[in-house]
Amino acid sequence: MKRYFLMVIAVVLAVAVSVPARAYSDGRKGSFRLGLYAPGLFVGNKNIDAMISFGLDGEYFFLENLSANFRIEEETDFKAGDPPHSVFTFIARARYVFDIGSSGKWAAYIQGGGGGALIGSSHGAGDISIPGG
C-alpha cells in the first residue's frame, strides 16, 4: 500500500511540474482565480502520519502586483494508522509580485500571512509567516 501511495504521489508531482503556468495576458488588476486541487501530500510531525490533502485555493489582485490569497485544506488518512485521522487548515496571505522580463511568464514574489489548523477534533495550532517567497 505504501509503495502504491508513493507512486501515485510521484506521478502527480511529475504532471504538476510539466504543466506550464499561464500568464495574465490582460494584466492582473481586478482578476480573481479559484482552484481545486487533489490529491496532495501532507506530512506532519510527532504523532501525525502522512496524509492525503484536498483543498481550495484562491487569489484576488487588488493592484497589478498586489494580491490577497487563501488556501483551505482538508488532510486525511482515511482512518488508517494512528489518530489523529484528519487535519483542517486555513491560510491567508498577502503577496507582492515582481515580474521578471517582458514575457510575463516568470515572476518572483514576497508574501506574508498566517493560518490555523484543527488537528483531529480537539487540538488547534497556528502559524505566522513573514516573509515568504
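Rules behind the numbers
One numbering rule holds for all chains: residues counted from 1, following each sequence as written. In keeping with the model being predicted, local features are shown solely for residues with a pLDDT of at least 70 and side-chain atom pairs are shown and tallied solely at 80 or more, while totals for entire chains, interfaces and linings include all residues. In computing side-chain properties, one takes all heavy atoms of the structure into account and sets aside hydrogens as well as water. Each helix is a run of H or I in the DSSP string that is no shorter than four residues. Each strand is a run of E no shorter than two, and both are numbered from the N terminus. Buried residues are those whose accessible area, probed at 1.4 Å on protein chains only, stays under 20% of the maximum for their type, while exposed residues exceed 50% and partly exposed ones sit between those limits. With residues, only the protein chains shown are counted as cover, and all accessible areas are computed by Shrake-Rupley using a 1.4 Å probe. Counting of polar contacts relies on pairs of N or O atoms within 3.5 Å, with two restrictions inside protein: one atom must be capable of donating a hydrogen and the other of accepting it, and residues adjacent in sequence are counted only when both atoms are side-chain atoms. Contacts are assigned to residue pairs that have any heavy atoms within 4.5 Å of one another. Working definition: a ring pair exists when centres of Phe, Tyr or Trp rings (six-membered ring for Trp) sit within 6.5 Å. Plane angles under 30 degrees give stacked, over 60 give edge-to-face, the rest tilted. As a reminder, the over-ring test applies to NZ of lysine and CZ of arginine, requiring each to be within 6 Å of the ring centre and within 35 degrees of the ring normal. Only residues whose relative accessible area exceeds 30% and that form no salt bridge enter a patch; like-charged residues are grouped when within 9 Å of one another, and nonpolar side chains (Val, Leu, Ile, Met, Phe, Trp, Tyr) when within 5 Å. Within this document, salt bridges are pairs made up of a side-chain nitrogen of Lys or Arg and a carboxyl oxygen of Asp or Glu, the two lying within 4 Å of each other.

Quick look at the overall build of the protein chain now. Each helix and strand counted, the protein chain has one helix and six strands in total. Counting all 133 residues of the protein chain, 23% fall into the buried class. Of the roughly 9,300 Å² of accessible surface on the protein chain, a fraction of 64% belongs to carbon and sulfur atoms.

You can see Arg 28 is positioned in the loop between helix H1 (2–18) and strand E1 (32–42). Engagement of the side chain of Arg 28 in a polar contact is seen with the side chain of Asp 99, the distance being 2.4 Å. Excluding residues that lie within four positions of it along the chain, Arg 28 makes contacts with Phe 61, Glu 64, Asn 65, Val 97, Asp 99 and Ala 107.

Summed over the entire model, instances satisfying the criterion amount to two aromatic pairs. An angle of 80 degrees between the planes, with centres 5.0 Å apart, marks the rings of Tyr 60 and Phe 62 as edge-to-face. Taking relative accessible area as the criterion, Tyr 60 reaches 33% and is therefore assigned partly exposed. For the pair Tyr 96 and Phe 98, a centre-to-centre distance of 4.9 Å together with 65 degrees between the ring planes defines the contact as edge-to-face. By relative accessible area, which is 37% here, Tyr 96 ends up partly exposed. Using a relative accessible area of 44% as the deciding quantity, one classes Phe 98 as partly exposed. Across the ring face of Tyr 109, the terminal group of Arg 95 is positioned such that the distance to the ring centre comes to 4.4 Å.

Let us now look at the environment of Phe 32. Residue placement: Phe 32 occurs in strand E1. Look past the residues within four positions of Phe 32 in its chain and what remains in contact with it is Glu 59 and Tyr 60.

Another aspect to go through is a nonpolar patch on the surface. There is a patch of nonpolar side chains on the surface, built from Phe 32, Leu 34, Tyr 60, Phe 62, Leu 63, Leu 66, Tyr 96, Phe 98 and Ile 110 and spanning about 870 Å² of accessible area. Where the nonpolar patch is concerned, the elements lending two or more residues are E1 and strand E4 (86–100). If you trace the backbone, Leu 63 turns up in the loop between strand E2 (51–61) and strand E3 (66–76).

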